[in-house]
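Results of the structural survey
Listed here are the chains, written in short residue letters.
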Amino acid sequence: MDPVIGLDIAKGESQVQAFLQKKNPYKKSFKFTHDVLGLHEFHRFYQEVEQASGQPPVVIFESTGHYHEPVLQFLEEQQITYYLINPVISHEAKKTSLRKVKTDVIDAFLLGELYYKEDDLEAFQKKSVRTMNLRNLSRQHDSLTGTYVQIKLQFQTILDQVFPEYKGVFGDLYSPTSLTTLRRYPTSKDVRDEKVDDIAQVILQGGAKRSQSWCLEKAHKLKDAAKRDPFKCNLYRSHTVSLNMYIQMLFQYQEHLSKLEEEIDALAEEFEEYRLIQSIPGIGGKIAATIISEIGEIDQFNHPKKLVAYAGIDPSVHESGKFKATINTITKRGSSRLRQILYTAVQCGLTKNRNPKLKEFYEKKREEGKPHKVAIIACANKLIHWIYALLKRKEAFKM
């Protein structure tokens, strides 16, 4: 016999359907909750299936974000073999059914059937705790960065309605010195009412690691900006309230991001792969840490093409009869974050010719008539082959 248990996992609960062998379901489907009592109920059923079939069943379920984590951790603790399926694979399998019916019971049943249909399923290898910590921190950093960018845009919208000329005073509008100064002088009227020497002192005390003369120069520049500003007085107090609120939020997000970056750097330093990947010109610490966290252990990929497919940059092929599509897009399956960071790594490598080898490959593709985006994807494909070779051989990149 070849027993399997299909789980359709949802928020806080799972639907169960067991099979003793192909086309031989065992008992009726039922649900269990993702708490201690529910998980022990599932384990008793697992032992019942094992006794009925004469061998331990495997468990198969879809990846569902964080909903499957309690089940996954329990299976790891009990040393139960399981298959964590990409939802794309299970979705395609469900489409083969003629009946357009979707319920939790049917989904659990179809997952069990999928186990017998797919010959190349591989038991899931859980990433190490260290790798998962790095992944969680990297993804949290990406998420916070996205929110931080939105706050910056909203901040600029308010600033345009209060003190638009302020933008040209400091080289970095979002530096602590700039934000501290703006918090003290949110309107052009506040600047006009203040003496230059006093403004310079505020800039110096705001954390500027510059000389007194530099602070005085910025104070004069701020005075000139106040004279040019179209809003001679602020009619809406609500704008200044919002401006101060956004300044406070910007400070908070900068602090959070800085803390995350410290944690990511410290954890990434523990990986030998961190230094190997950074040996590729154009790849810095943040990019290397994200690549490591998304790939995990390289041994789970026995061929570079599997890593390419995992990144979703392999071409989709469409053929039918004598027809062959001449324009094929990439599949965009697998890890979207790995795909995005590879694209960033390529851009960094091509900028200022940091990676001559990659630049040469890009120019070759352009000379072949490939559009810019197609050439970039080809570079990402080449880059991931290099990364695969480095991690497998444990050797640094050689120009």
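About the cut-offs
Residues numbered from 1 in each chain as written. Predicted model: local features only at pLDDT ≥ 70, side-chain atom pairs only at ≥ 80, totals over all residues. Heavy atoms only, no water. Pairing = 2+ DSSP bridges. Helix = DSSP H or I, 4+ residues; strand = E, 2+ residues; numbered from the N terminus. Axes fitted to C-alpha atoms, helices over the stretch in contact; angles between N-to-C directions. Contact = heavy atoms within 4.5 Å. Core = buried A, V, L, I, M, F, W, Y, C linked by side-chain atoms within 4.5 Å. Buried < 20%, exposed > 50% of the residue type's maximum accessible area, 1.4 Å probe, protein only. Parallel < 35°, antiparallel > 145°, perpendicular 65-115°, else oblique. Nonpolar A, V, L, I, M, F, W, Y, C, P; charged D, E, K, R; others polar.

The name that an unreviewed UniProt entry assigns to the protein is IS110 family transposase, with the source organism given as Halobacillus shinanisalinarum.

1. Remarks on the sheet that holds strand β3 (residues 24–33)
If you walk across this open sheet you meet the five strands as β3-β2-β1-β4-β5, and the pairing is mixed. Lying at the two open borders of the sheet, with one neighbouring strand each, are β3 and β5 (82–85). Neighbour-to-neighbour, the strand axes of this sheet turn through a mean angle of 20°, independent of strand direction. Here strand β1 (residues 4–10) runs beside strand β2 (residues 13–21); their pairing, made up of seven bridges, is antiparallel. Opposite Gly 6, over in β2, you have Gln 17 as the bridge partner. The sheet contacts of helix α1 (residues 36–53) involve β1, β2, β3 and β4 (58–62), and relative to β3 the element is tilted by about 165°.

2. What about the nonpolar core?
In a soluble, globular protein the nonpolar side chains are often hidden away together inside. Counting 44 residues, the largest nonpolar core has Ile 283, Ile 291, Leu 342, Leu 383 and Ile 387 as its most contacted members. Only α10 (237–268), α11 (272–278), α12 (285–295), α13 (304–311), α14 (336–350), α15 (356–367) and α16 (372–393) provide two or more residues apiece to this core. Among the elements that make up this core, the one with the highest residue count is α16 (12 residues). Counting 35 residues, the second-largest nonpolar core is a separate cluster that includes Phe 170, Leu 182, Cys 215 and Leu 243.

3. Examining the packing of α14 against α16
It is at 9 Å that the axes of α14 and α16 come closest, and there the two elements cross at 100°. The orientation of α14 with respect to α16, classified from their angle, is roughly perpendicular. In contact with Leu 338, Leu 342, Tyr 343, Ala 345, Val 346, Gln 347 and Leu 350 of α14, α16 contributes His 372, Ile 376, Cys 379, Ala 380, Leu 383, Ile 384 and Ile 387. For the contact of α14 with α16, the residue count by class is 12 nonpolar, two polar and no charged.

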